[in-house]
Amino acid sequence: MPENDDPIRLLAVRDTPLSLDEVYDAVGHDAAGGTTVFVGTVRDHDGGRSVTALEYSAHPTAEQEMRRIAEKIVADFPVRALAAVHRVGRLGITDKAVIVAVSCAHRGEAFEAARRLIDDLKHEVPIWKHQVFEDGSEEWVGAGSC
C-alpha cells in the first residue's frame, strides 16, 4: 500500500450511509501493528425512553473542528493513520452514526488515541442530535452532551 505523508486520511460529515470498509481501509499502514475502529450506532432507547426517530444536523464548521481535533490526536499520540466520518440527516435504528479508526505501531496506543478521538469529537464538534421518543416528546442534544 502506498504511504501517505499526512496521517489524517479521511474526515467527513455526510448525509449518506457510512462505510466501515472505507474507514478501515483509510487507516491501513505498513508500520501499523494495531488498528482500533469504533462504530457508533443509533440505538432504540435513550435515558430510559424508547426512541422512534433520530436526525443529526451539523454546523458548516463541523469538518474544520474535526480536523482540529484530529491534528491534536496526531500531535499527542504516535498515530500512523486516522479517519473519522459522521452522518447527518435522518437515521434509523442500528444505522451507523459515526465511525472512527486509528492505526499505530502498537495496540495500546491505537486504543488510547481512538478513545480520545471519539470522545473529543462527541464533545467538541458542532453536531446536534434530534430525538423523537415513543411518547411523542422530543429532545435536542448537542456537542458536549452526546
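Residues numbered from 1 in each chain as written. Predicted model: local features only at pLDDT ≥ 70, side-chain atom pairs only at ≥ 80, totals over all residues. Heavy atoms only, no water.

(A) Representation of a nonpolar patch on the surface. Among the surface-exposed residues, Leu 20, Tyr 24 and Val 37 lie close enough to one another that they form a single nonpolar patch of about 250 Å² accessible area. Here Tyr 24 lies in helix H1 (residues 20-26). (Patch = residues over 30% accessible without salt bridge, like charges linked within 9 Å, V, L, I, M, F, W, Y side chains within 5 Å. Areas by Shrake-Rupley, 256 points an atom, 1.4 Å probe, with all protein chains shown as cover. Salt bridge = Lys/Arg side-chain N within 4 Å of Asp/Glu carboxyl O. Helix = DSSP H or I, 4+ residues; strand = E, 2+ residues; numbered from the N terminus.)

(B) Summary view of the pattern of salt bridges. This structure, assessed with the given rule, holds nine salt bridges. Among the ionic pairs, Arg 49 bridges to Glu 139, the shortest N-O distance being 3.6 Å. One end of the pair, Arg 49, is in strand S4 (residues 49-58); the other, Glu 139, is in strand S9 (residues 138-141), with 90 residues separating them in the sequence. Looking at Glu 139, the relative accessible area reads 27%, which means it is partly exposed. In this structure, Arg 116 engages Asp 76 in a salt bridge whose closest nitrogen and oxygen atoms are separated by 3.3 Å. You can see Arg 116 sitting in helix H3 (residues 107-124) and its partner Asp 76 sitting in helix H2 (residues 62-76), a full 40 residues away along the chain. (Buried < 20%, exposed > 50% of the residue type's maximum accessible area, 1.4 Å probe, protein only.)

(C) Representation of the pairing of S4. The sheet contact formed by strand S3 (residues 45-46) and S4 spans two bridges and is antiparallel. Looking across to S4, one finds that His 45 is bridged to Ser 50. In this structure, S4 lies alongside strand S8 (residues 127-133), joined through seven bridges in antiparallel fashion. Paired with Ala 53 across the strands is Val 132, a residue of S8. Note: S4 against strand S6 (residues 89-91), three bridges, orientation antiparallel. Paired with Leu 54 across the strands is Leu 91, a residue of S6. (Pairing = 2+ DSSP bridges.)

(D) Region of interest: the sheet that holds strand S1 (residues 8-14). What the four strands build is an open sheet, ordered S1-S5-S7-S2; its pairing is mixed. Taken across any chain shown, the strands that pair with only one partner, and hence form the sheet edges, are S1 and strand S2 (34-41). Each strand of the sheet is rotated relative to its neighbour by a mean of 5°, with strand direction disregarded. In terms of strand pairing, S1 meets strand S5 (residues 79-87) through six bridges, oriented parallel. Across the sheet, residue Arg 14 finds its bridge partner in S5, namely Arg 87. Of the strands in this sheet, S1 and S5 are in contact with H2, which crosses S1 at around 150°. Each of S2, S5 and strand S7 (96-104) is contacted by H3, which is oriented at about 145° to S7, the strand it contacts most. (Axes fitted to C-alpha atoms, helices over the stretch in contact; angles between N-to-C directions. Contact = heavy atoms within 4.5 Å.)

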